[in-house]
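Here is what each chain is made of, one letter per residue.
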Amino acid sequence: MLNPRRAFIAAAFLLTVFFLISRSHNSEQSPSSSTESRDAEAEALAAANAQQRLPPPPPQKPMIDMSGMSTYEKLAYQYEYDIESKFPAYIWQTWKYTPGEGEFQFREQEASWSIEHPGFIHEVITDSVADTLLQLLYGSIPEVLEAYHALPLPVLKADLFRYLILYARGGIYSDIDTYAIKSALEWIPPQIPKETVGLVIGIEADPDRPDWADWYSRRIQFCQWTIQSKPGHPVLRDIISRITNSTLTMKKEGKLSAFQGNRVVDLTGPAVWTDTIMDYFNDERYFDMENSKGKIDYRNFTGMETSKRVGDVVVLPITSFSPGVGQMGAKDYDDPMAFVKHDFEGTWKPESERHIGEVQQELGEGEEAPKEQ
Ligand SMILES: *[C@@H]1O[C@H](CO)[C@@H](O)[C@H](O)[C@H]1NC(C)=O
Ligand SMILES: *[C@@H]1O[C@H](CO)[C@@H](O)[C@H](O)[C@H]1NC(C)=O
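Residues numbered from 1 in each chain as written. Chains lettered and ligands numbered in written order. Predicted model: local features only at pLDDT ≥ 70, side-chain atom pairs only at ≥ 80, totals over all residues.

An unreviewed UniProt entry lists the chain under the name Glycosyltransferase family 32 protein, with Trichoderma harzianum CBS 226.95 as the source organism. Quoted verbatim from the Sequence similarities (unreviewed entry) field of the UniProt record, the comment on the chain reads "Belongs to the glycosyltransferase 32 family." (UniProt positions renumbered as here; feature names shortened; annotations may be inferred.)

So, in structure tokens, the structure goes:
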């Protein structure tokens, strides 16, 4: 958690990094001093990271002209995916208050994550910290920052933030109203080597009923309130590119101000998340389709009771992140596959209402389109 002392250290660290980055930009003409300042920056990062018990970051890459690259290519250049790396020991959450503030109302939930994950770095990121952090992580891909700042609702920003932080740093993202039931060290079944997995996801909904479309936007819906990934995962790269593109397209067309809460699922939420993952499973760039017996779709995931691996993705059954909902085959909280409990989702309500509910919950009743979180 981000207590005042650590917040201060983080702020000092960010300021140092900014100072060094701006220095290295200014001295581009003079290679020797720019190398020096890059060394200094690497040292500063290493020192700050050592303090946070992190491995040092990979050496900074030479600056290149990225103007001709697509967002997807820039993202790939900036954050490489190394499947054999370890899952970083981070837990990321976001809320408008830090646990140190009196208004923070999720102490028990937040504590459950720390208790289950000793040794992990656990941060609850506020809006202003998110702005600073993203500036640092995505400063070289301005369209991503532009899209983030253009998003008209806090819930949209919260959605995009989780993809961005996981893409750049990896670890676990989980909504602030979730409880950890079991350590993430136990999420991947022991028979699956961790160096062959880069993304762990759960199922939000598996509504096997003819009227499923009245309730959910996809027949199988993957949840994005809890995600574990290694940095640079291609699914995250794709969803960040998609959201950046659709947000900036809407901005250009002047459609963002009229954006309605019930369309959150399509722009940043579970619908686009599910589509991106399904497309990845059928993407010839990543999977050898010749050996596949057919297209992967909802049928491969409906009714699942144990984990299933597709390529480098482990898909957990609905019980793992949605235990105790009493439907769609989800088992109870004491089931061995129950890993995370989500307070809010235990109701069988249409998605649009649930998402509007989320915004109201953040703001108090009655306010539908918040100006700020
Ligand atoms: C979105 O993607 C399409 C297709 O790749 C491209 O033509 C368009 O310029 C992009 N729009 C924005 C705003 O980036
Ligand atoms: C997915 O299901 C199809 C049949 O619907 C099957 O042919 C295919 O092998 C399955 N793929 C995986 C990875 O389970």
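J.: Help me understand the sheet that holds strand S7 (residues 308–310) in this model?
T.: Adjacent strands of a sheet pair through backbone hydrogen bonds, lying either parallel or antiparallel. A sheet is described by the order of its strands in space; here 7 strands give the open sequence S2-S1-S3-S6-S5-S8-S7, paired in mixed fashion. Here the strands that pair on one side only, and so sit at the sheet edges, are strand S2 (121–125) and S7. The average undirected angle you get between the axes of adjacent strands in this sheet is 30°. By the bridge criterion, 5 bridges tie strand S1 (residues 90–94) to S2 in an arrangement that is parallel. Residue Trp92 lies in a different strand from S2, and its bridge partner there is Glu123. Sitting on the sheet, helix H10 (residues 270–281) is in contact with strand S5 (199–205), strand S6 (221–229) and S7, with an inclination near 75° to S6. (Pairing = 2+ DSSP bridges. Helix = DSSP H or I, 4+ residues; strand = E, 2+ residues; numbered from the N terminus. Axes fitted to C-alpha atoms, helices over the stretch in contact; angles between N-to-C directions. Contact = placed C-beta atoms within 7 Å.)

J.: Would you mind going over the environment of Ala205 with me for this structure?
T.: Within the secondary structure layout, Ala205 lies in strand S5. For the pair Ala205 and Ser217, spaced 12 residues apart in sequence, the C-alpha to C-alpha distance is 9.7 Å. In contact with Ala205, not counting residues within four places along its chain, are Tyr216, Gln221 and Met328.

J.: Can you help me understand the nonpolar core in this one?
T.: As a rule of thumb, nonpolar side chains are buried together in soluble globular proteins. Residues Leu164, Ile201 and Ile240 are the most contacted members of the largest nonpolar core, which totals 73 residues. Among the elements that take part in this core, helix H7 (residues 154–169) stands out by supplying 9 residues, more than any other. For Ile201, the residues in contact, after removing those within four places along its chain, are Phe222, Ile227, Ile277, Val313, Val315 and Leu316. (Core = buried A, V, L, I, M, F, W, Y, C linked by C-beta atoms within 7 Å. Buried ≥ 20, exposed ≤ 12 C-beta atoms within 10 Å, placed from the backbone.)

J.: Whenever I open this one, H10 confuses me. Can you help?
T.: Residues lying three or four places apart along an α-helix face the same way, a consequence of the helix completing one turn every 3.6 residues. With 12 residues, H10 extends 16 Å from end C-alpha to end C-alpha; this agrees with the ideal 16 Å at 1.5 Å per step. Of the residues making up H10, those classed as buried are Pro270, Val272, Trp273, Thr274, Thr276, Ile277 and Tyr280. Buried-residue contacts for H10 involve S5, S6, helix H8 (234–252) and helix H9 (264–267). (Expected span 1.5 Å × (residues − 1).)

J.: For this particular structure, what's the right way to read the packing of helix H5 (residues 127–138) against H7?
T.: Helix-helix packing is described using two parameters, namely the angle between the two axes and the distance between the axes. Viewed as axis vectors pointing N to C, H5 and H7 meet at an angle of 45°, and their least axial separation amounts to 11 Å. In terms of orientation, H5 lies oblique with respect to H7. Once H5 is placed against H7, the crossing between them reads as left-handed. Side by side, H5 and H7 meet where Ala130, Leu134, Leu137 and Tyr138 of the first sit next to Phe161, Leu164 and Ala168 of the second. Taken together, the residues that form the contact of H5 with H7 break down as 7 nonpolar, no polar and no charged. (Parallel < 35°, antiparallel > 145°, perpendicular 65-115°, else oblique. Left-handed = near helix turned anticlockwise from the far one by under 90°. Nonpolar A, V, L, I, M, F, W, Y, C, P; charged D, E, K, R; others polar.)

J.: Is there a simple way to explain H7 in this structure?
T.: Taking 1.5 Å of rise per residue, 16 residues should cover 22 Å, and H7 covers 22 Å from first to last C-alpha, within 8% of that figure. By the criterion of burial, H7 is predominantly enclosed, with 13 of the 16 residues buried. Just downstream of H7 lies Gly170, where phi reads positive at about 70°.

J.: Could you clarify how one ought to interpret the site of ligand 2 in this entry?
T.: Surveying the vicinity of ligand 2 reveals the residues Lys293, Gly294, Ile296, Arg299, Asn300 and Val310. In terms of residue class, the shell around ligand 2 is built from 2 nonpolar, 2 polar and 2 charged. (Near = placed C-beta within 6 Å.)

J.: I'm lost on the packing of helix H6 (residues 142–150) against H8 in this one. Help?
T.: One way to put it is that H6 packs onto H8 with a least axis distance of 9 Å and a crossing angle of 60°. The hand of the H6/H8 crossing is left-handed. In this structure, H6 contributes Glu143, Val144, Glu146, Ala147 and Ala150 to the contact, and H8 contributes Ile240, Ile243, Thr244, Thr247, Leu248 and Lys251. Taken together, the residues that form the contact of H6 with H8 break down as 6 nonpolar, 2 polar and 3 charged.

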